[in-house]
Amino acid sequence: MTVTAPPVAPATGRKVSSGARSGAGRSGRVAWMVLPALVMFVVFGVVPLVGVLVLSFTHWDGLGPITPAGLSNWRSVLTDSSLPHSIFVTFEIMILSWLVQTPMSLLLGTFLAGRQRYRALLAVLYFIPLLLSSAAIAITYKALLDPNFGLGPGLHLDFLTQDWLGKSNLAVGVVVFIVSWQFIPFHSLIYQGGVRAIPTTMYEAAAIDGAGRIRQFFSITIPQLKYTIITSSTLMVVGSLTFFDLIFVLTAGGPGDATEVLALDMYKTGFMSNQMGPASVIAVVLVLLGLALALLLRRLGGSTTASQQEGA
């Protein structure tokens, strides 16, 4: 008699490949590597923001006890006539400095992306202003622009011999000029890296078609730097919300309140008037403005998943 073995039931589970297991292991290791940065962000980013938000609903002079205030701080700050003016001055300096920094940084970054040896030396020289302290820069320019003992009277130049920091329009122009002078090197470095990432074959093909340098700049360089421009503009716009030390040392918000930006208004409210609650409200307004502007610029830039080199 022949005995037949029972049929073997088909396997219901799929065999996991070694590649899938290794991929899962790599993702787990990456998650553990991200954890320290996440902890630092929560401790030094999220927790202080939550603390400022909570403090905005309290009364505190910086030394005494903290008492609840409800919505009184928000009502007093949002109905204060100085808040719209500070927001206007902040956006005025932001827009003017962006209009100056963006084209200058783009041109310098494109120029410094060349391969000539002397351009490396120029790149180092252009980068020096970014290494200096904002307070030191403000003190230096304040001395140079002094109408009595500054650069103008010393060189007998009538154009420079005027009260640059005593007139509203001139003071705003000086602030925009100094901010641009200090931060153009940083953004030039960003654009320099972006230009060097553009394939040279695109320029070679354009040259074969008869396109000159100017045509190549507007038809190839600028479109290929779309996301670089968005990144640089985001840093400029959001960073302009935190201008404090330079303006505080240079003009202290004057003449009058012509250069009193939100960050300076927050400092005066909190540390000169000892009203930490209203100052925290202004800080929350600053954070919300920064988030809104960053999201707006990201929206204008479109999807960043597409390759920049596709010209999208």
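*Asks:* So what exactly am I meant to see when it comes to the overall build of the protein here?
*Replies:* Counting its regular elements, the protein contains 13 helices and two strands. Evaluated residue by residue, the protein yields a buried proportion of 33% over its 312 residues. Considering only contacts in the protein between residues 6 or more positions apart, those separated by 24 or more positions represent 65%.

*Asks:* What is the right way to look at the layout of surface pockets in this model?
*Replies:* Of the volumes computed, that of the largest pocket is approximately 610 Å³. Sorting the residues of the lining of the largest pocket by element identifies α3 (82-112), α7 (168-196), α8 (200-208) and α9 (213-224) as the ones contributing at least two each. Here the lining of the largest pocket takes four residues from α9, the largest share from any one element. Of the residues that constitute the lining of the largest pocket, the class distribution is six nonpolar, six polar and five charged.

*Asks:* Where do I start with the nonpolar core in this structure?
*Replies:* Among the nonpolar cores identified, the biggest contains 20 residues, and I93, V174, I178, L246, I247 and L250 are the most heavily contacted of them. At the level of elements, α3, α5 (134-144), α7 and α11 (245-250) are the ones that each hand at least two residues to this core. Top contributing element to this core by residue count: α7, with six residues. The next biggest cluster of nonpolar side chains, apart from the first, holds 16 residues, and it includes W74, L83, V237 and L286.

*Asks:* Any chance you could explain the confidence of the model for the protein here in plain terms?
*Replies:* The predicted structure's coordinates, where accompanied by low pLDDT, should not be read in detail. Mean pLDDT for the protein: 86, with 88% of residues reaching 70 or above. Ranking the elements of the protein by mean pLDDT puts helix α1 (residues 18-55) last, at 79, and helix α2 (residues 72-78) first, at 95. Every residue in residues 304-312 is under pLDDT 50, and counting partners more than four places away or in other chains gives 17 contacts.

*Asks:* Mind showing me how you'd approach α7 here?
*Replies:* Quick reminder: α-helices carry 3.6 residues per turn. Residues three or four places apart thus point the same way. Compared with an ideal rise of 1.5 Å per residue, which puts 29 residues at 42 Å, α7 spans 41 Å between its outermost C-alpha atoms and is within 8% of the ideal. At F183, α7 shows its largest kink, close to 40°, and the proline P185 lies no more than four residues downstream.

*Asks:* In this structure, what is going on with the side chain of T269? I would like to understand it.
*Replies:* Within the secondary structure, T269 sits in helix α12 (residues 262-272). Residue class for T269 comes out buried when judged on its relative accessible area of 14%. A distance of 2.8 Å separates a polar side-chain atom of T269 from the backbone oxygen of D265.

*Asks:* Just to check I follow, could you spell out α9 for this structure?
*Replies:* Within α9 the residues assigned to the buried category are Q216, F217, I220, T221 and Q224. Here the buried residues of α9 occupy an arc of 125° about the axis, which is enough to place them on one side. Of the exposed residues in α9, those oriented more than 90 degrees away from the buried face are I214, R215 and F218. At its buried positions, α9 is contacted by α3, α7, α8 and α10 (226-240).

*Asks:* How should I be thinking about unusual backbone geometry in this particular structure?
*Replies:* Residues G254 and P255 are joined by a peptide bond in cis, for which omega reads -5°. For H156, which is not a glycine, the phi torsion comes out positive at approximately 60°. In this structure, H156 sits in the loop between α6 (151-155) and α7. Positioned with a positive phi, A252 is a non-glycine residue whose angle comes to about 55°. Within the element layout of this structure, A252 appears in the loop between α11 and α12.

*Asks:* I'm lost on the packing of α3 against α9 in this one. Help?
*Replies:* At a minimum axis separation of 12 Å, α3 and α9 run at an interaxial angle of 95°. In terms of orientation, α3 and α9 fall into the roughly perpendicular class. Contacts between α3 and α9 involve L106, L107 and T110 from the former and F217, T221 and I222 from the latter. Grouping the amino acids of the contact of α3 with α9 by side-chain chemistry returns four nonpolar, two polar and no charged.

*Asks:* Sorry, what's going on with the packing of aromatic side chains here?
*Replies:* Within a pair of aromatic rings, the relevant descriptors are the distance that separates the centres and the angle that separates the planes. The final tally for this structure, using the stated rule, is 10 aromatic pairs. Here F57 and W74 contribute two aromatic rings whose centre-to-centre distance is 5.9 Å and whose plane-to-plane angle is 35°, an arrangement assigned as tilted. Here F57, found in the loop between α1 and β1 (58-59), pairs with W74, found in helix α2; they are 17 residues apart in sequence, far enough to count as distant. According to the relative accessible area criterion, F57 is partly exposed, its value standing at 31%. Relative to F218, the ring of F217 has its centre 5.2 Å away and its plane inclined at 85°; by these criteria the two rings are edge-to-face. An aromatic cluster is present here, built from F244, F248, Y267 and F271 joined pairwise through their rings.

About the cut-offs
Residues numbered from 1 in each chain as written. Predicted model: local features only at pLDDT ≥ 70, side-chain atom pairs only at ≥ 80, totals over all residues. Heavy atoms only, no water. Helix = DSSP H or I, 4+ residues; strand = E, 2+ residues; numbered from the N terminus. Buried < 20%, exposed > 50% of the residue type's maximum accessible area, 1.4 Å probe, protein only. Contact = heavy atoms within 4.5 Å. 1 Å grid on protein atoms, 1.4 Å probe; cavity = no way out; pocket = protein on both sides within 12 Å on 5 of 7 lines; lining within 4 Å. Points joined across faces, edges and corners; volume = space filled by probe spheres on them. Nonpolar A, V, L, I, M, F, W, Y, C, P; charged D, E, K, R; others polar. Core = buried A, V, L, I, M, F, W, Y, C linked by side-chain atoms within 4.5 Å. pLDDT = per-residue confidence, 0-100. Expected span 1.5 Å × (residues − 1). Bend = angle between axes of the 7 residues up to and from the residue. Polar contact = N/O pair within 3.5 Å; in protein donor to acceptor, adjacent residues only side chain to side chain. Arc of directions from axis to C-beta. Axes fitted to C-alpha atoms, helices over the stretch in contact; angles between N-to-C directions. Parallel < 35°, antiparallel > 145°, perpendicular 65-115°, else oblique. Phe/Tyr/Trp six-rings, centres within 6.5 Å; stacked < 30°, edge-to-face > 60°.

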